[in-house]
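Breakdown of the fold
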Amino acid sequence: MIFDTHSHYNDHAFAEDLDEILRRFQDAGIGWAVNVASDTDSLDEVQELADRYPFFYAALGIHPSDCGALTEDFPEKLKKRIREGRKVVALGEIGLDYHWDEPEREIQQYWFRRQIELAQETDMPIIVHSRDAAQDTMEIMRQMHAERTGGVVHCYSYSLEMAREFVKMGFYIGVGGVVTFKNAKKLKEVVQGISLENIVLETDCPYMAPTPHRGERNSSLYLPLVIEEIAKLKNIPEDVIIETTRQNAMRLYRIGDLPA
Ligand code: NI
């Protein structure tokens, strides 16, 4: 069964037909998904989904683009949610997004550091979102000893060389729909250049739908297209891709004993 390590089923894009999609999970071979929070509202939403569905887990944290309004009482509140929440398997998504000008970089960096600290206090792996900010991301993770908890660099978009550095720090590389795009040369190179033991599957749905659905609403049901591409790039059978990445996801999120 396929493990989707990064999804947003709380997104309004799924408001109309979530149950219809989830009913098709089993037949499509989708076993589990981690819904990742991004802003303060979604902290409740992803927890509710994990409570309601046995195959959903939750990750709690604030995305760099949504950290502008956070106040100093936030870390204690998040800590409480992580400690008291059910099926919370990671702190995320957190990081740096320089693609957008808001909030300013110093604010993003401040909350990235604070949330890494919080992950260490609560002993949670982190889900890192990093866009157009490779050097600063690496520098902060080094300074903060992010290897203490490990985690995943999700929707990976940097070089093979840097991927190897993240792997050395104990991080998994999150690969999703982008790998199927014709012009995704760099990511294809990354997938070929690192071991399958260091890769996890993700959708980032409703975003990042693979070819031939590019631009449409994404869901875990499209993950077989991502698996097919990784299998081709690495010349490894698809069932091995599914099983190895399932085990990687369980190690990443420290979940034991899921059935194959
Ligand atoms: Ni995401």
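Heads up: these notes are all about the structure in this document. As the structure is a prediction and not an experimental result, all values here were calculated from the model.

The rules behind the values
- Residues numbered from 1 in each chain as written.
- Predicted model: local features only at pLDDT ≥ 70, side-chain atom pairs only at ≥ 80, totals over all residues.
- Heavy atoms only, no water.
- Helix = DSSP H or I, 4+ residues; strand = E, 2+ residues; numbered from the N terminus.
- Rg over C-alpha atoms; globule rule 2.2 N^0.38 Å.
- Buried < 20%, exposed > 50% of the residue type's maximum accessible area, 1.4 Å probe, protein only.
- Areas by Shrake-Rupley, 256 points an atom, 1.4 Å probe, with all protein chains shown as cover.
- Lys, Arg positive; Asp, Glu negative; His and termini not counted.
- Charge placed at Lys NZ, Arg CZ, Asp CG, Glu CD.
- Donors = N, O, S within 2.8 Å, 3.2 Å for Na, K, Ca; no water.
- Tetrahedral: all angles 85-135°; square planar, octahedral: opposite > 155°, others 65-115°.
- Pairing = 2+ DSSP bridges.
- Axes fitted to C-alpha atoms, helices over the stretch in contact; angles between N-to-C directions.
- Contact = heavy atoms within 4.5 Å.
- Arc of directions from axis to C-beta.
- Expected span 1.5 Å × (residues − 1).
- Phe/Tyr/Trp six-rings, centres within 6.5 Å; stacked < 30°, edge-to-face > 60°.
- Lys NZ or Arg CZ within 6 Å of the ring centre and 35° of its normal.

Assigned secondary structure in the protein chain consists of ten helices and eight strands. Its C-alpha atoms give the protein chain a radius of gyration of 17 Å, near enough to 18 Å, the size a compact globule of 260 residues would have. With respect to the three principal axes, the spread of C-alpha positions in the protein chain is 45 × 40 × 35 Å. The buried share of the protein chain, taken over its 260 residues, is 58%. Approximately 11,800 Å² of the protein chain is accessible, and the part contributed by carbon and sulfur atoms is 48%. Where the 29 positive side-chain charges of the protein chain centre and where its 44 negative ones centre are 4 Å apart.

Moving on to the coordination of the nickel ion. Each pair of donors in an ideal four-coordinate tetrahedral metal site encloses 109.5 degrees, whereas pairs in an ideal six-coordinate octahedral site enclose 90 or 180 degrees. Around the nickel ion, the protein supplies His6 (NE2), His8 (NE2), Glu93 (OE) and Asp204 (OD) as donor atoms, at distances of 2.1 to 2.4 Å. Geometry at the nickel ion is irregular, judged from its four donor atoms and the angles of 85 to 175° they form at the metal. The sequence pattern describing where the donors of the nickel ion fall on their chain is H-x1-H-x84-E-x110-D. Here the residue Glu93 occupies a position in strand β4 (residues 88-97), and Asp204 occupies one in the loop between β8 (199-201) and α9 (223-234), the gap between them amounting to 111 residues. Considered together, Glu93 and Asp204 belong to a single accessibility category, that of buried residues.

Read across the open sheet, the eight strands follow the order β1-β2-β3-β4-β5-β6-β7-β8; overall the sheet is parallel. If you trace the sheet from one side to the other, it starts and ends with β1 (2-7) and β8, each paired once. In this sheet, adjacent strand axes meet at a mean angle of 30° when their direction is disregarded. In this structure, strand β5 (residues 126-131) lies alongside strand β6 (residues 151-153), joined through three bridges in parallel fashion. Residue pairing across strands places Val128 opposite Val153, the latter belonging to β6. Contacting β3 (56-60) and β4, helix α4 (residues 74-84) crosses the sheet at an angle of about 145° to β4. Packed on one face of the sheet, α9 meets β1, β7 (171-175) and β8 and runs near 155° to β8.

For helix α3 (residues 40-52), every residue scored as buried is listed here: Ser42, Leu43, Val46, Gln47, Leu49 and Ala50. Down the axis of α3, the smallest arc covering the buried residues is 160°, so these residues share one side. Exposed residues on α3 whose side chains face more than 90 degrees from its buried face are Asp41 and Arg52. Where α3 is buried, its residues touch α1 (18-23), β2 (30-36), β3, α4 and β4.

Let us look at helix α10 (residues 238-252). The terminal C-alpha atoms of α10, which comprises 15 residues, lie 21 Å apart, in line with the 21 Å expected from a rise of 1.5 Å per residue. Burial in α10 covers these residues: Ile241, Thr244, Thr245, Arg246, Asn248, Ala249, Met250 and Leu252. Those residues of α10 hidden inside the fold are in contact with β1, β2, β6, β7, β8 and α9. Of the residues flanking the end of α10, it is Arg254, one or two places downstream, whose phi is positive at about 55°.

Mapped onto the secondary structure, Lys234 falls in helix α9. Apart from residues lying up to four places away in sequence, Lys234 is in contact with Val191, Gln192, Ile194, Ser195, Leu196 and Ile199.

What follows deals with the packing of aromatic side chains. How two aromatic rings sit relative to each other is given by the distance of their centres and the angle of their planes. For the coordinates displayed, the defined rule picks out 14 aromatic pairs. Taken together, a centroid distance of 4.8 Å and an interplanar angle of 50° make the contact between Tyr9 and Phe14 tilted. Just as Tyr9 is buried, Phe14 falls in that class too. Taken together, a centroid distance of 5.6 Å and an interplanar angle of 40° make the contact between Tyr53 and Phe55 tilted. Relative accessible area serves as the criterion here: at 11%, Tyr53 is assigned to the buried category. An aromatic cluster of three or more residues is present, and its members are Tyr9, Phe14, Phe25, Tyr53, Phe55 and Phe56. One residue, Lys87, lies across the ring of Tyr57, its end atom 5.6 Å from the ring centre.

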